[in-house]
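So you can see what is in the structure, the chains are spelled out below.
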Amino acid sequence: MDVVVLLGPPGSGKGTAAAVLAREPGFFHLSTGEALRGAIRENTARGRLILPFMEGGRLVPDALVAEIVEECLEQGPPGTIFLLDGFPRTLTQAEMLDAYLEKTGARVGCVCLLEVSFDTVAQRLLGRLTCPNCRTIYHQQRLAPRVAGICDGCGTPLEQRDDDTEATIRERMQVYREQTEPLVAYYAERGLLRRVDASEEIADTARALKAEVERLA
Ligand code: AMP
């Protein structure tokens, strides 16, 4: 099992680009944000614990997220490349991931940093729409559905994420700068960092990401 870590601020396109790549066999897309929202939707004990953190745009405690990630990694078929979207997000999480992978004989193959300006991501997040049924991500201008407000795939009315409001976006950016950005140096020091231009269209980002992943031995 190889792991590819997708790093980048909220709205850099990690989830959308990973979903494009994961349409191909051999890839498994693990979005911790999506797994956490799933727990909230299902109103599990874990979901109830998580809710106040996510509503405020703050990070969920490391141990809780690591538990979810380990459960998902354990279920992965052999030979799968895991696209980790949104994890790790703190140095502690990165160390937890390293310790877990060492135990299982797996490794972080590379870390792709999706680079884009903060102004651009704010615009993207404010226009983002998600299908509550099949989880497909759209954007009011960049990736518009064929019929406004309706999912192309399953016909469900699209929704805006609860944390895609101006105030919460500001908080999430701040959290990214303070807690997640130090991971850039952490992975650069280990020779794992690859920079991917995420300022253009989603298809361009997905193509650039695929090129990096294909370089894995
Ligand atoms: P995302 O869907 O990746 O934008 O994540 C949405 C929210 O889920 C974040 O603002 C956090 O509250 C929470 N979250 C997702 N991944 C993590 C993580 N690795 N560590 C802590 N909180 C997370």
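Summary of the structure given here.

Procedures and definitions
Residues numbered from 1 in each chain as written. Predicted model: local features only at pLDDT ≥ 70, side-chain atom pairs only at ≥ 80, totals over all residues. Heavy atoms only, no water. Helix = DSSP H or I, 4+ residues; strand = E, 2+ residues; numbered from the N terminus. Rg over C-alpha atoms; globule rule 2.2 N^0.38 Å. Contact = heavy atoms within 4.5 Å. Lys, Arg positive; Asp, Glu negative; His and termini not counted. Charge placed at Lys NZ, Arg CZ, Asp CG, Glu CD. Near = heavy atom within 4 Å. Polar contact = N/O pair within 3.5 Å; in protein donor to acceptor, adjacent residues only side chain to side chain. Areas by Shrake-Rupley, 256 points an atom, 1.4 Å probe, with all protein chains shown as cover. Nonpolar A, V, L, I, M, F, W, Y, C, P; charged D, E, K, R; others polar. Axes fitted to C-alpha atoms, helices over the stretch in contact; angles between N-to-C directions. Left-handed = near helix turned anticlockwise from the far one by under 90°. Buried < 20%, exposed > 50% of the residue type's maximum accessible area, 1.4 Å probe, protein only. Arc of directions from axis to C-beta. Pairing = 2+ DSSP bridges.

Considerations on the overall build of the protein
Reasoning step 1: When helices and strands are tallied, the protein shows nine helices and seven strands.
Reasoning step 2: The C-alpha radius of gyration computed for the protein amounts to 16 Å, which stays within 12% of the reference 17 Å derived for 217 residues, consistent with globular compactness.
Reasoning step 3: Projected onto its principal axes, the C-alpha coordinates of the protein cover approximately 45 × 40 × 35 Å.
Reasoning step 4: The long-range fraction of contacts in the protein, counting pairs at least 24 apart against all pairs at least 6 apart in sequence, stands at 71%.
Reasoning step 5: Taking the 25 positively charged and 32 negatively charged side chains of the protein as two groups, their mean positions are separated by 2 Å.

Examining the site of the ligand
Reasoning step 1: Lining the immediate environment of the ligand, one finds 16 residues, of which T32, R58, G86, R89 and Q93 sit closest.
Reasoning step 2: Interatomic distance of 2.9 Å between a side-chain N/O atom of Q93 and a nitrogen atom of the ligand.
Reasoning step 3: Out of a free accessible area of 490 Å², the ligand has 96% covered by protein chains.
Reasoning step 4: A class-by-class count of the residues in the shell around the ligand yields six nonpolar, four polar and six charged.

Overview of the packing of helix α4 (residues 62-75) against helix α5 (residues 91-104)
Reasoning step 1: Direction vectors running N to C along α4 and α5 enclose 30°, while the axes themselves pass 10 Å from each other. In terms of crossing hand, the pair formed by α4 and α5 is right-handed. Across the interface between the two elements, D62, A63, V65, A66, E70, L73 and E74 from α4 touch T92, Q93, M96, L97 and Y100 from α5.
Reasoning step 2: The residue makeup of the contact of α4 with α5, split by class, is seven nonpolar, two polar and three charged.

Side note on helix α3 (residues 45-55)
Reasoning step 1: Restricting attention to buried positions, one finds in α3 the residues G47, I50 and M54. Burial along α3 is one-sided: seen end-on, the buried residues are contained in an arc of 70°. Opposite the buried face of α3, by more than 90 degrees, sit the exposed residues A45 and L49.
Reasoning step 2: Residues of α3 that are buried sit in contact with α2 (32-41) and α4.
Reasoning step 3: Directly beyond the C-terminal end of α3, a positive phi value near 80° is found at G57.

Some words on the sheet that holds strand β3 (residues 81-85)
Reasoning step 1: As summarised here, the arrangement of the five strands in space is β2-β3-β1-β4-β7, forming an open sheet in which the pairing is parallel. Lying at the two open borders of the sheet, with one neighbouring strand each, are β2 (27-31) and β7 (193-197). Strand-to-strand twist of the sheet, defined as the mean angle between neighbouring strand axes without regard to direction, takes the value 25°.
Reasoning step 2: Where strand β4 (residues 107-115) meets β7, five bridges bridge the pair, whose relative direction is parallel. When the bridges of β7 are listed, E115 appears paired with D197.
Reasoning step 3: In the packing of α5 onto the sheet, contacts are made with β1 (2-7), β3 and β4, and the angle to β4 comes to roughly 150°.

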